[in-house]
Structure formats: structure tokens, C-alpha cells
Amino acid sequence: LLYWERAKDLTAVLDKLLADPVFGSRIDQERIGAAGFSLGGYTVVSIAGGVFSPQTFAGFCNSPQRDFTCGPQPEFPDAPRLFEELKNNDPFVKESLRHASDSYRDKRVKRVFAIAPALGSGFTAAGLSQIKIPVGIVIGQADLVAPLATNAQRYADLINGARLTVLTGGVGHYTFLAECTRHGQKVVDVCRDAEGVDRRQVHQRVAQLAFEFFEQGWTKK
């Protein structure tokens, strides 16, 4: 739940890759982009310069407009309860909380692509006005986990020049996850899509959108 630490992780990985004797010289530093799904979508917005506001997010979650992102997530339902204990007693967590609204912009990242991004209601207009690089966003119209209006649409409305693509029909949040086996589709909720949704075709569409978004940026240089 220390969301802002995620962008720092990307920066640490990029530091290591660029300094690596095998990979470093093979990386074109003018063509570094970032892409992420769900909370990873929030992460790339953060590394692009968006400044998160815990107070804004808390206010949203205490309002009638609150969405699914405010509650315990099925991947880790005990997280909010455990976090309540940690934030008052754990020195690392307490220190991190003091930096929740810092900027984690990494200027080496030139473009970002967010897939079904979450936590959109944790940003103010001023917090997203700091983003000066191109941002691409894609979401499914039927996303109930990170709903369009309070997440992808909010990002698109408040980030100057952001490009939003909404995949219509029954495309949901977990449609963007990997394809599942037939057995997985029977026993795992996130493996099942709405009737008429072909997960493979959705993946191909998103891959093409991401390819075009990044390649258009590089070829302009």
C-alpha cells in the first residue's frame, strides 16, 4: 500500500540496467518508455511526474463516488488491516508515508502507456499537471475494478495531451491478464471474461496500440 515506492523500484532497475556491462551499452537512452497494468498503470503515471495525494484519495474513498479501488483487493484482502498496524509502528512505513506526495519523476523515461490504471482519484489536477511527456491510456468499458470514470477518464482529462482508448463491450479489468487454460477458466474468476469477449484479440489490440504509441514517439526524433 506504499504505492509511491513502486516508481522508485523502476528507477532502481533502470539504474542497474544502464550500468550493466552487458545491457547498458545496448540501451538507447532516448527511447526509454514505461508501461504498466492496473496499479502498474498508476506507477507509470507516477514515474512520468504525477504527484499522488493520500489526502485526496482518502477524501474520495469517504465520498459517495468511491469505487472498488478503495476497498480490500482480492489478491491481498488483509492488506488494509495489516497496514493500519504498520503505519503507526513500523519505522520504514512511517518514513515512507512522509514522502507519499513527493515527485518520483524519472527524466530518462520519455513516454508512458497505462493499461486500466488504478488510483486515478488520488491525484489532483495540479498533481497531474506536472506531466510533460506523452501518455497513452487504454481501458475496457466494462472495467468494474478500476472504473473508467474515476480512473482512466480522470487521468485523460487532467493530463495534458493524454490519449485515451476505450475498448467497448464487455472488456473488463482482468481481460488484460494472461490467457488461461480451460481448467483455469472453470475455477479462477479472473480467467473468465464476459460473453463475446476474446481475450487473445483484446491482447493483440492493446499490443498494437502500445506499439504505435511508442514507435510514433521515437520516429519523430
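How each quantity is defined
- Residues numbered from 1 in each chain as written.
- Predicted model: local features only at pLDDT ≥ 70, side-chain atom pairs only at ≥ 80, totals over all residues.
- Heavy atoms only, no water.
- Helix = DSSP H or I, 4+ residues; strand = E, 2+ residues; numbered from the N terminus.
- Rg over C-alpha atoms; globule rule 2.2 N^0.38 Å.
- Buried < 20%, exposed > 50% of the residue type's maximum accessible area, 1.4 Å probe, protein only.
- Contact = heavy atoms within 4.5 Å.
- Expected span 1.5 Å × (residues − 1).
- 1 Å grid on protein atoms, 1.4 Å probe; cavity = no way out; pocket = protein on both sides within 12 Å on 5 of 7 lines; lining within 4 Å.
- Points joined across faces, edges and corners; volume = space filled by probe spheres on them.
- Disulfide = S-S within 2.5 Å.

Student: Which residues make up the overall build of the protein chain, and what are the values?
Tutor: Secondary structure assignment for the protein chain yields nine helices and four strands. Each helix and strand of the protein chain, placed in order from N terminus to C terminus, yields the pattern α-β-α-α-α-α-β-α-β-α-β-α-α. Computed over its C-alpha atoms, the radius of gyration of the protein chain comes to 18 Å, within 12% of the 17 Å expected for a compact globule of 221 residues. A principal-axis box enclosing the C-alpha atoms of the protein chain has dimensions of 45 × 45 × 35 Å. Here the protein chain, with 221 residues, has 43% of them falling under the buried criterion. Across the protein chain, the fraction of contacts at a sequence separation of at least 24, relative to all contacts at a separation of at least 6, is 77%.

Student: Would you mind going over helix α1 (residues 5–19) in detail, with residue names and values included?
Tutor: For α1, built from 15 residues, the straight-helix expectation of 21 Å at 1.5 Å per residue is met to within 8% by its first-to-last C-alpha distance of 21 Å. Those residues of α1 not exposed but buried are Glu5, Ala7, Leu14 and Leu18. Looking at the buried side of α1, the elements it contacts are α2 (39–47) and α5 (91–97).

Student: Residue-level account of the layout of surface pockets, with values.
Tutor: The volume enclosed by the largest pocket comes to roughly 1,000 Å³. Around the largest pocket, the lining comprises 32 residues; the ones closest to its centre are Leu1, Tyr3, Phe57, Thr69 and Leu119. Of all elements in the fold, only α3 (54–61) and α4 (79–89) reach the threshold of two or more residues within the lining of the largest pocket. Sort the elements by how many residues they give to the lining of the largest pocket and α4 lands first, with five residues.

Student: So what's going on with the state of the cysteines? Residues and values would help.
Tutor: Per the stated rule, a full pass over the model turns up two disulfides. Between the sulfur atoms of cysteine 61 and its disulfide mate cysteine 70 the distance is 2.1 Å. Its S-S torsion of about -85° marks the bond between cysteine 61 and cysteine 70 as left-handed, since a negative value means left-handed. Both residues of the pair, cysteine 61 and cysteine 70, belong to the buried class. Shown here is the disulfide that connects cysteine 180 with cysteine 191, its sulfur atoms set 2.1 Å apart. An S-S torsion of about -75° defines the bridge between cysteine 180 and cysteine 191 as left-handed. Here cysteine 180, found in the loop between β4 (163–167) and α8 (182–187), pairs with cysteine 191, found in the loop between α8 and α9 (199–219); they are eleven residues apart in sequence, far enough to count as distant. Using a relative accessible area of 25% as the deciding quantity, one classes cysteine 180 as partly exposed.

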